[in-house]
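So the chains spell out like this:
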Amino acid sequence: MSLYTLTKTRFLEGVWEGLLVADNASAPPPEISVTVHDKPVRGVVLSDAGEPGRWVIEVPIPLEAVGEGVKTFLILDSVAHEVLEKFTLIAGDVLGDDIRAEVDLLRAELDMLKRAFRRHCVETT
């Protein structure tokens, strides 16, 4: 079992960031590896968060991972061989059947209908 807990703090401008906390404040920095489709992600940064037993991890999204389909990133404790966290990127036609994409499309259409209805009300009064 891993001695660390990883919590996402933000995902902005192509960089996933999280806070890594050790169960024991005197624990050494962990060995972290990140993979996407069993390939290592380069440029992962683990830096001190300013408190004992806490680190900030930054995972840059490689350009080859941006594109059509589903890409799942695994953030691993290399020593314990356990997944600390995972996140997924979804893009392209694969979203066609996804409920979130359908809801977003419905919202856009509803906004368009509201604007058209308001314009109609103003023009007919």
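So, here's what we can say about the structure. As the structure is a prediction and not an experimental result, all values here were calculated from the model. (Residues numbered from 1 in each chain as written. Predicted model: local features only at pLDDT ≥ 70, side-chain atom pairs only at ≥ 80, totals over all residues. Heavy atoms only, no water.)

**A word on the packing of aromatic side chains**
Item 1. One pass over the full model with this rule turns up four aromatic pairs.
Item 2. Ring centres 5.9 Å apart and planes at 70° place the aromatic pair Tyr4 and Trp55 in the edge-to-face group. Taken together, the positions of Tyr4 in strand E1 (residues 4–12) and Trp55 in strand E6 (residues 54–60) put the pair 51 residues apart, joining distant regions of the chain. Each member of the pair, Tyr4 as well as Trp55, is classed as buried. (Phe/Tyr/Trp six-rings, centres within 6.5 Å; stacked < 30°, edge-to-face > 60°. Helix = DSSP H or I, 4+ residues; strand = E, 2+ residues; numbered from the N terminus. Buried < 20%, exposed > 50% of the residue type's maximum accessible area, 1.4 Å probe, protein only.)

**Regarding the pattern of salt bridges**
Item 1. For the structure on display, the rule yields three salt bridges.
Item 2. Across the pair Arg54 and Glu51 runs a salt bridge whose closest N-O atoms are separated by 3.5 Å.
Item 3. The exposure class assigned to Arg54 is partly exposed, which follows from its relative accessible area of 27%.
Item 4. Given a relative accessible area of 45%, Glu51 falls into the partly exposed group.
Item 5. With a closest N to O distance of 3.6 Å, Lys114 and Asp111 form a salt bridge. Remark: Asp111 and Lys114 occur in helix H1 (residues 99–124); sequence separation between them is three residues, near one turn of the helix.
Item 6. On the accessibility criterion, Lys114 (35% relative accessible area) is partly exposed.
Item 7. Assessed through its relative accessible area of 35%, Asp111 is described here as partly exposed. (Salt bridge = Lys/Arg side-chain N within 4 Å of Asp/Glu carboxyl O.)

**Remarks on the side chain of Lys71**
Item 1. When you line up the elements, Lys71 lands in strand E7 (residues 69–77).
Item 2. Glu68 provides the closest opposite charge to the buried, salt-bridge-free Lys71, at an N-O distance of 8.2 Å.
Item 3. Looking at Lys71, its side chain comes within polar contact range of the main-chain oxygen of Glu68, at 2.8 Å.
Item 4. Apart from residues lying up to four places away in sequence, Lys71 is in contact with Val36, His37, Ala65, Phe87, Thr88 and Leu89. (Lys, Arg positive; Asp, Glu negative; His and termini not counted. Polar contact = N/O pair within 3.5 Å; in protein donor to acceptor, adjacent residues only side chain to side chain. Contact = heavy atoms within 4.5 Å.)

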